Structure formats: structure tokens, C-alpha cells
Amino acid sequence: MIILGLETSCDETAAAVVEETDDQGRPWRLRSSVVASQMALHREWGGIVPELSARQHIRDICGVVSRAQAEAGVEAVDAIAVTQGPGLVGSLLVGLSFAKSLAWARNVPLVPVHHLAGHIESLVLENGEMPLPAVVLVVSGGHTSLYRVATPGHYELLGRTRDDAAGEAYDKVAKLLGLGYPGGPVIDRRAARGDDHAVPFPRTRITHADRNAPDLPGTRDFSFSGLKTSVLRHVTQRRTTLRIGDNEPLPDPEIDDICASFQRVVVETLLDRLFDAARGYGAMSVGIAGGVSANSRLRADSRARGEKRGIPVFIPGIELSTDNAAMIAAAGLRNYRAGVTAGWDLSADASLTLA
Ligand code: KG4
Ligand code: ZN
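About the criteria used
- Residues numbered from 1 in each chain as written.
- Chains lettered and ligands numbered in written order.
- Predicted model: local features only at pLDDT ≥ 70, side-chain atom pairs only at ≥ 80, totals over all residues.
- Heavy atoms only, no water.
- Donors = N, O, S within 2.8 Å, 3.2 Å for Na, K, Ca; no water.
- Tetrahedral: all angles 85-135°; square planar, octahedral: opposite > 155°, others 65-115°.
- Helix = DSSP H or I, 4+ residues; strand = E, 2+ residues; numbered from the N terminus.
- Buried < 20%, exposed > 50% of the residue type's maximum accessible area, 1.4 Å probe, protein only.
- Phe/Tyr/Trp six-rings, centres within 6.5 Å; stacked < 30°, edge-to-face > 60°.
- 1 Å grid on protein atoms, 1.4 Å probe; cavity = no way out; pocket = protein on both sides within 12 Å on 5 of 7 lines; lining within 4 Å.
- Points joined across faces, edges and corners; volume = space filled by probe spheres on them.
- Nonpolar A, V, L, I, M, F, W, Y, C, P; charged D, E, K, R; others polar.
- Expected span 1.5 Å × (residues − 1).
- Contact = heavy atoms within 4.5 Å.
- Near = heavy atom within 4 Å.
- Polar contact = N/O pair within 3.5 Å; in protein donor to acceptor, adjacent residues only side chain to side chain.
- Areas by Shrake-Rupley, 256 points an atom, 1.4 Å probe, with all protein chains shown as cover.
- Sits in = over half its atoms within 2 Å of the grid points.
- Salt bridge = Lys/Arg side-chain N within 4 Å of Asp/Glu carboxyl O.

Colleague: Describe the coordination of the zinc ion (ligand 2), and please don't skip the residues or the numbers.
Modeller: Here the zinc ion (ligand 2) is held by the protein donor atoms His-115 (NE2), His-119 (NE2) and Asp-323 (OD), which lie 2.1 to 2.2 Å from it. Coordination geometry of the zinc ion (ligand 2): the four donor atoms subtend angles of 93 to 152° at the metal centre, consistent with an arrangement described as irregular. Written as a sequence motif, the donor arrangement for the zinc ion (ligand 2) is H-x3-H-x203-D. Of this pair, His-115 sits in helix H4 (residues 115-127) while Asp-323 sits in the loop between helix H10 (318-321) and helix H11 (326-337), placing them 208 residues apart in sequence. Overall, Asp-323 belongs to the buried group, its relative accessible area being 13%.

Below, the structure written as C-alpha cells:
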């Protein structure tokens, strides 16, 4: 069985070919993965412009799919998996319409995939099945969510951010420090040179349930907007003290210290919640997926904590951590095997939930 995956939920146009194997431990083999990033297009605007994103997906999708098939050396596929949501609706619709047309023309089944299920399955694609039950943190520019996986392909939401996603906080802090877009990689680099205790930024601990999500305990939720505001307050105060104008950067060593201190709080907050949940649910493994899992401190600290607690930690390689279609194809194979396919009336859902 060979499946083509398509991903266009945000600012990456991606296609990948994944093959099912009969190896129980490693159910899927990656044949090709092509990603056309729109980063340069959006950098000019300091963030993602949805309409530009959708238009760029239209320009790129044919070439990206042809290349993924050529690199995989396959002409025909047995099914087509596509991200149905969540994401930018205009962008999602490009991938969805393309996938439908291709599936119809080739007379193969269309398989809908939830973007976050894709991120979770990137762990399995790369490492084989995780020891279950597992607790997985999906942490990206749009999401910060904690899931329990007790059986393969079933994801139970334990907590999520009440406001900004962790990656969004990185992007906003980078913007206010004048470091450009996207913020994650540059803050990660600058943090390595700074003192992570230089600025005492606060940590938010949520202790009550969210009125909008009464089914969740709330105590496993995240919040990053207060941290972002205190970075802003600190920067404004330092500008006043040093008599620096609004459009001028702070001295480089100060920026390094702010990046290091901010990053420490983000990473510790994420890992405290993740490992608390792992203990609470008797997890046999933990996973971290999504764009922020590329963060060097998050990778190093999570491995160290895992070793200390004797629990295996799964993180995708850098290529599979940011948005890609290999993870969509992998999650698609999982869905297909469970009998999940879609009709031609399938529609994009910008705020699709993961059951
Ligand atoms: O998963 P992804 O590619 O797209 C979304 O679904 O959002 O994640 C992108 C996010 C951005 O916010 C970016 O700043 C963040 O991942 N990111 C990082 C790093 N590399 C990317 N955050 C922290 N450290 C990094 N090294
Ligand atoms: Zn993503």
C-alpha cells in the first residue's frame, strides 16, 4: 500500500509518499518528502498573511506533488491523504481541492487527516510505535496541546493553551526584539549566548478549569501571553533607562540574555506539564512534536529529564518537526487502515477538533 500525503494548512506546501510495510515495529517507510516553504514571502510582513499563503499554495502545489512522486519513483498511489484542518481555511482549501481532484481522477480513496494527528504520527513514522500509553506534547506556531495516546490512532486531549501557542510567543517576542520572522530559530540561537537567569520572567500556572472547556481539568493547560507581555514591559523599561528609541534595538548582550531567560521559562513550563502528565497517567513514553520541537534546549532538557525518570522520550528529526506531508501520509495510512475515508463533499475545517 502506497499513500500520497498533502499538507497546506499554513505556510508550507508539502507532498510526501509513504509506503506501508509489514514490519510491526516500523509500520511505514518514507519514500519521499518535499516541502516548499513560504517563509521568505511572509518574512517581509512580519508574520503569515493568509491570502498570500493561499495564493502561493496554488502556485506551488503541482510542482511539489510531481516532485514527491518522482523522488519516490512511483506513478500510481493507492490512496491520497490530505490535511482537513485545523489551519488557515483558504490554504486548507487548496490542498483539499487538489487532493479531491487527484483522487477522483485516479479513482483512489481520499483520506482526511487532522493536522495535529499528523504531528503525533511523525513520531511513529520515524521511530516506530511508541510504548503505550504515551503522553505527547504538540507544540507549534498555532498549537500547544497535550494528548494521551493509549491505543494507536486514538488521541485524548489533556490540556492546551488558553491564549498564545508557544511558537507564537517565540514569534511575537522576536518581533518586539527586532529579530524578524520566524522567531523560534533566531531566539534559539541567541539564547545559547545569553544568561538564562538574567531576567526573572514569570511563569503562569493555571489552577482552574476553563469555562469554555468544562470537560478538561484546566490544570494541564498552558498560557504564554503573560510571559510575552512581561518581555514587552522589560524591553520598554530598558529602552527608557538606556534612552534608546522605539525602533532601535537593545544592546546585543541584553538581547541574548532576554532570549535565554524567555526560552528557559518556555521550556521549563512545557516540560513540567508534560512530565507531570506522564507521571499522572503512568505513561510508558513521552513524545514532543511540532515546529517548536526543533528547539535545541527543549530537545536537550527533555532527553535529560527522560533519562532521569527512566522514561523514553521521542522527538522527530528537524525535518519532520516543522510542517511536512510525510506526517500527513503516515496519519493517513493509520486512518485508512481504520476504515476512515471521505466523500467528495469533504470540506476544510479551520477549527477541526481532534477526538
Ligand atoms: O509546526 P510548524 O512548522 O507550523 C505550525 O503548525 O505552526 O511550527 C512553526 C513554529 C513557529 O512559531 C516557529 O517560530 C517555531 O515553530 N520554531 C521554533 C524553532 N524552530 C521553529 N521555536 C523554537 N525554537 C526553534 N528552534
Ligand atoms: Zn504544524
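Colleague: I'd like a rundown of the packing of aromatic side chains, residues and numbers included.
Modeller: Taken as a whole and judged by the stated rule, the model has two aromatic pairs. With 6.3 Å between their ring centres and 10° between their planes, Phe-222 and Phe-224 make a pair best called stacked. According to the relative accessible area criterion, Phe-222 is buried, its value standing at 1%. Phe-224 sits in the buried class, given a relative accessible area of 1%.

Colleague: Explain empty space enclosed by the protein to me, and be specific about the residues and the numbers.
Modeller: Evaluated as defined, the whole model comprises two cavities of 30 Å³ or more. Approximately 70 Å³ is the volume found for the largest cavity. Taken together, Ile-120, Glu-121, Val-124, Glu-129, Met-130, Leu-132, Val-149, Pro-152, Gly-153, Tyr-155 and Arg-334 make up the lining of the largest cavity. Of the residues forming the lining of the largest cavity, the biggest block, three residues, is contributed by H4. Of the residues in the lining of the largest cavity, the class split is seven nonpolar, one polar and three charged.

Colleague: Could you give an account of helix H7 (residues 225-242), naming the residues involved and the relevant values?
Modeller: Given a rise of 1.5 Å per residue, 18 residues ought to cover 26 Å, and the 26 Å separating the end C-alpha atoms of H7 matches this to within 8%. Of all the residues in H7, the buried ones are Leu-227, Lys-228, Ser-230, Val-231, His-234, Val-235 and Arg-239. Taken together, the buried residues of H7 touch helix H5 (166-176) and helix H8 (252-280). Two residues or fewer past H7, Arg-243 is found with a positive phi of approximately 55°.

Colleague: Tell me about the site of ligand 1, and please be specific about residues and values.
Modeller: Residues in contact with ligand 1 amount to 19 residues; listed here are only the nearest, Gly-141, Asp-171, Gly-184, Asp-188 and Asn-295. Contacts to ligand 1 include Gly-167, whose backbone N or O atom sits 3.1 Å from an oxygen atom. Backbone polar atom of Gly-184 to an oxygen atom of ligand 1: 3.0 Å apart, as the coordinates give it. When isolated, ligand 1 has an accessible area of 550 Å², and the protein chains bury 90% of it. Of all the cavities here, the one that holds ligand 1 is the largest pocket. Listed by contribution, the elements that provide at least two residues to the shell around ligand 1 are H4, H5 and helix H6 (183-191). Of the residues forming the shell around ligand 1, the biggest block, four residues, is contributed by H6. Taken together, the residues of the shell around ligand 1 break down into five nonpolar, 11 polar and three charged.

Colleague: Run through helix H2 (residues 50-72), naming residues and quoting values.
Modeller: Taking 1.5 Å as the rise per residue, H2 with 23 residues should run 33 Å; its terminal C-alpha atoms sit 31 Å apart, in good agreement. Turning to H2, its buried residues are Ser-53, Ala-54, Gln-56, His-57, Ile-61, Val-64, Val-65, Ala-68, Gln-69 and Ala-72. The inward-facing, buried residues of H2 abut strand S1 (2-7), strand S2 (12-20), strand S3 (28-37), helix H1 (39-43) and helix H3 (89-106). The positive-phi residue at the C-terminal boundary of H2 is Gly-73, with phi of around 70°.

Colleague: Tell me about the pattern of salt bridges, and please be specific about residues and values.
Modeller: According to the stated counting rule, one finds 26 salt bridges in the structure shown. Lys-172 is paired through a salt bridge with Glu-168; the nearest N and O atoms lie 3.2 Å apart. Remark: Glu-168 and Lys-172 occur in helix H5; sequence separation between them is four residues, near one turn of the helix. On the basis of relative accessibility, which here comes to 30%, the residue Lys-172 falls in the partly exposed class. In this structure, the salt-bridge partner of Arg-297 is Asp-196, at a minimum N-O distance of 2.8 Å. Taken together, the residues span a long stretch of sequence, with Arg-297 in helix H9 (residues 296-309) and Asp-196 in the loop between H6 and H7 at a distance of 101 residues. Several salt bridges converge on common partners, so that one network encompasses Arg-203, Arg-264, Glu-268, Asp-272 and Arg-305.

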